[in-house]
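A closer look at the structure
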Amino acid sequence: LLKILDVVGFRNLLSAVREGASTAITCLSCHSLSTLILNGVINKETMALAFHEVCLILQLSSPRVCVGLIEQMKETVHFIRQNSKLKSTEVCGVLLGSQCFIGRSEHLFWRLDIPGVDNISQMRVHSRNGNRVNAMSQSTRQILHLTDIHMDLEYQIGSHIECNEPICCRSIPFSDNSSTISGEANVSAGTWGAYPCDIPIHTVENAFKEISKNSKSVDLWYWTGDIVAHDIWQYSRARNIAHLQIIAQFLHQYTNGSRIVPVIGNHEAVPINCFPPPSIQNSHSISWLYEALAQQWTKWLPEDALHGGYYTIVINKGFRVIVLNTNYCARLNIWTYYDSVDPADQLKWLIKELVIAEQEGDFVHIVGHVPVDNRECTQAWVYNYLEIVERFSDTIVAQFFGHTHADEFRVLYSNHNFSKPIGFEILSPSLTTFQTFNPSYRIITVTH
């Protein structure tokens, strides 16, 4: 395996996977590796041991990070190896794009049926859009968007801000030679946080107190996920749920009675990014997370949110919010390689919800965690999503996401006319400082 990884240029392949970009060389590397993993010749334990050795020899991270991640992932990877609906030749086309696949495949080039607008809905759309100008002079609503908290319960004031692990500013065992400090020894973690690190709990609570003072006129919160710190090798179900409980308590305490629209981030899952479809009902099921969230968020969630972490809330007559679990679109969700065609049937459901909104004459905000783009999502999912957004562009008036930690505004364009804008995404900045951001939140003013 080491020889193969050396030949295929494993580091370059990892970079291509992270960035969602590919070349002829990375495509070839991906095909070689996926064939090795999926052919079943190497058993589960040998595969895990091999990747552990690769992680150490290539110094991808510290020994405890290598061990923790591989132990978390090995059962999931083994199940998908045995049960994937994709051929090894299709895996890289889904992971890196259709340029890594030659031929036709229903797993790479799937399309959903989108109904046209009926006459009654068309009349309502025209009537509603005609009232938009008048609405601009009427009352407004303020929405607070909070995302990517990444609270670190192990943050240690005075600890080193550089290390050989995904997250620093904590007590790191110096007996681990791979975790020795690489930067200046006199640079230490401050009381309220440090730029390369996640933020301590007292900073999180201080932020909630400050937000509470500045949001008296806010009546709706979009809280778009990622609560747990970036110590992904330490994730466990009980530990992640404990983090969720702390933030849920802060929200109950500091949101001034505002309505909360919660979203699931990719860091809530164990292992990270792993969101199996609802049809998976064995030990790999994600129902443990949905059930925990249903208990903590019962005041805010409709009952059907348990199905796949996506749901609709009617805020008032003429306005509803559709929450997507865009972790199902993600290339880095390994369950995408179990079945890549509309995972969890979420886009089929979205079409139905938008038809209902159109027939009722409602405007819609779409809210999610992972923004829909070709870096994060599979090409087919993005294509179908853009088809849906274009079809319902008179109904969808805004989209809100997080995940990147950056303050962004993105314009979406038609699949068929790259100069035709069909919608936009607002990406709010993170509360965490990881890795170079200032703690932030956003208040948006919209017309009713």
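Residues numbered from 1 in each chain as written. Predicted model: local features only at pLDDT ≥ 70, side-chain atom pairs only at ≥ 80, totals over all residues. Heavy atoms only, no water.

The line we're drawing: UniProt positions are given in the numbering used here, feature names are shortened, and annotations may be inferred rather than shown by experiment.
The protein appears in an unreviewed UniProt entry as Calcineurin-like phosphoesterase domain-containing protein from Oppiella nova. The UniProt entry for the protein carries the following comment under Sequence similarities (unreviewed entry): "Belongs to the acid sphingomyelinase family."

1. Things to note about the domain arrangement of the protein
Quick note on the threshold: These domain limits were set by an automatic method or by a database of domain assignments. We call two residues in contact when some of their heavy atoms are within 4.5 Å. A 1.4 Å probe defines the accessible area here, and the buried area is the portion of it lost by two parts on being joined, summed over both. Salt bridges are counted wherever a side-chain nitrogen of Lys or Arg sits within 4 Å of a carboxyl oxygen of Asp or Glu.
Taken domain by domain, the protein comprises domain 1 (1–100) and domain 2 (143–170 + 187–447). Centre-to-centre separation of domain 1 and domain 2, based on C-alpha positions: 27 Å. Contact with domain 1, which involves 27 residues of that partner, is made by 27 residues of domain 2. Between domain 1 and domain 2, roughly 2400 Å² of surface is buried when both sides are summed, and carbon and sulfur atoms account for 58% of that area. At the boundary of domain 1 and domain 2, one finds three salt bridges. For Glu165, the salt bridge identified is with Arg64, shortest N-O distance 2.8 Å.

2. Considerations on the side chain of Gln399
Inclusion rule: A run of DSSP states H or I qualifies as a helix once it reaches four residues; a run of E qualifies as a strand once it reaches two. Both are numbered from the N-terminal end. We call a residue buried when its accessible area falls under 20% of the maximum for its residue type, exposed when it is over 50%, and partly exposed in between, using a 1.4 Å probe and counting protein chains only. The definition of a polar contact used here is a pair of N or O atoms within 3.5 Å, where within protein one atom must be able to donate a hydrogen and the other to accept one, and adjacent residues in sequence count solely through side-chain atom pairs.
Relative to the helices and strands, Gln399 is located in strand S7 (residues 396–401). Residue Gln399 is classed as buried on the basis of its relative accessible area, which comes to 1%. At 2.5 Å, the side chain of Gln399 forms a polar contact with the side chain of Tyr385. If we ignore the near neighbours within four places in the chain, the residues touching Gln399 are Ile366, Tyr385, Val389, Leu412, Phe424, Glu425 and Ile426.

3. Digging into the sheet that holds strand S10 (residues 442–447)
For clarity, the threshold we go by: The rule for pairing is simple: two strands pair if DSSP sees at least two bridges between them. Between N-to-C directions, angles cover 0 to 180 degrees, with each direction set by a line fitted to C-alpha atoms, over the stretch in contact for helices.
Reading across the sheet, the four strands line up as S3-S2-S1-S10 and stay open at both edges, with mixed pairing between neighbours. Looking at strand neighbours, the two that pair on one side only are strand S3 (259–262) and S10, the edges of this open sheet. Here the strands of the sheet are splayed against their neighbours by 25° on average, with no regard to which way each runs.

4. What about the UniProt feature "binding site: Zn(2+) 2" (unreviewed entry) in the protein?
UniProt's feature table lists "binding site: Zn(2+) 2" (unreviewed entry) at Asp226, Asn266, His369 and His403, given in the numbering used throughout. The named residues occupy 178 residues along the chain; their greatest pairwise C-alpha distance, 8.4 Å, places them in one compact cluster. If you trace the backbone, Asp226 turns up in the loop between strand S2 (218–223) and helix H10 (237–254). Looking at Asp226, the relative accessible area reads 2%, which means it is buried. Apart from the residues within four sequence positions on either side, Asp226 is in contact with Asp148, Ile149, His150, Gly265, Asn266, His267, Glu268, His369 and His403. Along the chain, the position of Asn266 falls in the loop between S3 and helix H11 (287–296).

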